[in-house]
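In case you want the letters, here they are:
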Amino acid sequence: MVRIQLHGRFALAVDGRSVEQALPGRRGRLLVALLADARHGPVDRRTVVERLWAPAAPPDGAYATFTALLSKVRALAAPAEIRGRSGLQLVLPEGSIVDGAVAGAALHAAEAATAQRDWRRAWTEALSALFVLQRTFLADFDEPWVLRRREELAHDRRRALTCYAEACLQLGPTELASAERSARALVDEDPLSETGYRLLMRALDRRGDRGAALEVYERLTRVLRDDLGAVPGPVSRALHAELLGAAPSGRG
């Protein structure tokens, strides 16, 4: 079995034995990481070479150097296989694990469960996704493609936080603190998205602090006005009106 960790420090284990330090240098580790993260099939060989030498352009002789690098990585990563010539794809033996793929599958399951209002499953799957996504993607690398990928994964993390906060709200009082923490994280990470503010308003109202919930709405109003020249959308305004008009309760 092969295990690849892309979030946090890069790691590659084959049958329980760590082999990432045996890979040929930084580019050897990046090659495995790049192919392990590929979500849509083979990666063009030219793209792989350009990313391994980025931000500089590949020098003369880079393709010959890459061929030797690829041969060494193939030997060290076995029984995982790197297949193809013009397009390269990492093929793992059955039972192998890539943490990024686990997180992606869990996020998809969490969103499906949320749509079906299966809150216990949404809670479990969202938490599984967050366990991975809370760690920095390839924390020991700063290549341009890695930085771009981190931005994409930050969006995935917000999606997982949204599912988790909603599930926590639906599961009752024991999860209210988690709902509030997740909602605050959403607001901090994306101050112009209304979703986090609404989740935070609902969490605060459910724990009996309607005044604080209304203050969150005022903060949302100011942020949208100052940054976008906009006002809260109809869903946020409806929640605000509900909070203004409803008698205090534990309902959200």
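Reading the values: rules and limits
- Residues numbered from 1 in each chain as written.
- Predicted model: local features only at pLDDT ≥ 70, side-chain atom pairs only at ≥ 80, totals over all residues.
- Heavy atoms only, no water.
- Helix = DSSP H or I, 4+ residues; strand = E, 2+ residues; numbered from the N terminus.
- Rg over C-alpha atoms; globule rule 2.2 N^0.38 Å.
- Buried < 20%, exposed > 50% of the residue type's maximum accessible area, 1.4 Å probe, protein only.
- Areas by Shrake-Rupley, 256 points an atom, 1.4 Å probe, with all protein chains shown as cover.
- Lys, Arg positive; Asp, Glu negative; His and termini not counted.
- Charge placed at Lys NZ, Arg CZ, Asp CG, Glu CD.
- Contact = heavy atoms within 4.5 Å.
- Phe/Tyr/Trp six-rings, centres within 6.5 Å; stacked < 30°, edge-to-face > 60°.
- Lys NZ or Arg CZ within 6 Å of the ring centre and 35° of its normal.
- Pairing = 2+ DSSP bridges.
- pLDDT = per-residue confidence, 0-100.
- Salt bridge = Lys/Arg side-chain N within 4 Å of Asp/Glu carboxyl O.

(A) Broad picture of the overall build of the chain. The helix and strand inventory of the chain stands at ten helices and seven strands. For a compact globule of 252 residues, the expected C-alpha radius of gyration is about 18 Å, and the chain comes in at 23 Å, more than 25% above that figure. Taken along the three principal axes of its C-alpha coordinates, the chain extends 70 × 40 × 25 Å. Within the span of the chain, comprising 252 residues, buried residues form 43% of the whole. Surface accessibility of the chain: about 12700 Å² in total, with carbon and sulfur atoms responsible for 52%. For the chain, the centre of its 36 positive side-chain charges and the centre of its 32 negative side-chain charges are spaced 3 Å apart.

(B) How the structure looks around the environment of Leu-199. With respect to the helices and strands, the residue Leu-199 is situated in helix α8 (residues 194-206). A C-alpha to C-alpha distance of 5.6 Å links Leu-199 and Ala-183, two positions 16 residues apart in sequence. Apart from the residues within four sequence positions on either side, Leu-199 is in contact with Thr-162, Ala-165, Glu-166, Leu-169, Ala-183 and Leu-186.

(C) A look at the packing of aromatic side chains. The full count for this structure, using the stated rule, is two aromatic pairs. Pairing Phe-137 with Trp-145 gives two aromatic rings, centres 6.3 Å apart and planes at 75°, and the pair type is edge-to-face. The ring of Phe-131 carries Arg-135 above its face, with NZ or CZ at 5.2 Å from the centroid.

(D) Here's a closer look at the sheet that holds strand β3 (residues 17-18). The mixed open sheet is built from four strands, whose spatial order is β3-β2-β1-β7. Every interior strand has two partners, whereas the edge strands, β3 and β7 (97-98), have only one. Here two bridges tie strand β1 (residues 2-5) to β7, and the two strands are oriented parallel to one another. Each bridged residue has a counterpart across the sheet, and for Arg-3 the counterpart in β7 is Ile-97.

(E) Broad picture of the confidence of the model for the chain. Taken as a whole, the chain shows an average pLDDT of 94; of its residues, 97% reach a score of 70 or greater. For the chain, β3 is the element with the lowest average pLDDT, namely 93, and helix α5 (residues 119-133) is the one with the highest, namely 98. Between residues 247-252, whose pLDDT stays under 50, and residues either more than four places distant or in other chains, the model counts twelve contacts.

(F) The arrangement of the pattern of salt bridges in detail. Considering all chains together, one arrives at 18 salt bridges under this definition. Of the charged contacts, one joins Arg-135 and Asp-99 as a salt bridge, the two residues approaching to 3.7 Å between their closest N and O atoms. Of this pair, Arg-135 sits in the loop between α5 and α6 (144-171) while Asp-99 sits in helix α4 (residues 99-115); the two residues are 36 residues apart in sequence, bridging distant segments of the chain. Judged by its relative accessible area of 9%, Asp-99 falls in the buried class. Among the salt bridges present, the one from Asp-190 reaches Arg-158, with a minimum N-O distance of 3.8 Å. Residue Asp-190 is located in the loop between α7 (176-189) and α8, and its partner Arg-158 is located in helix α6; the two are separated by 32 residues in the primary sequence. Three or more residues joined by partner-sharing salt bridges are found here, namely Glu-180, Arg-184, Arg-207 and Asp-209.

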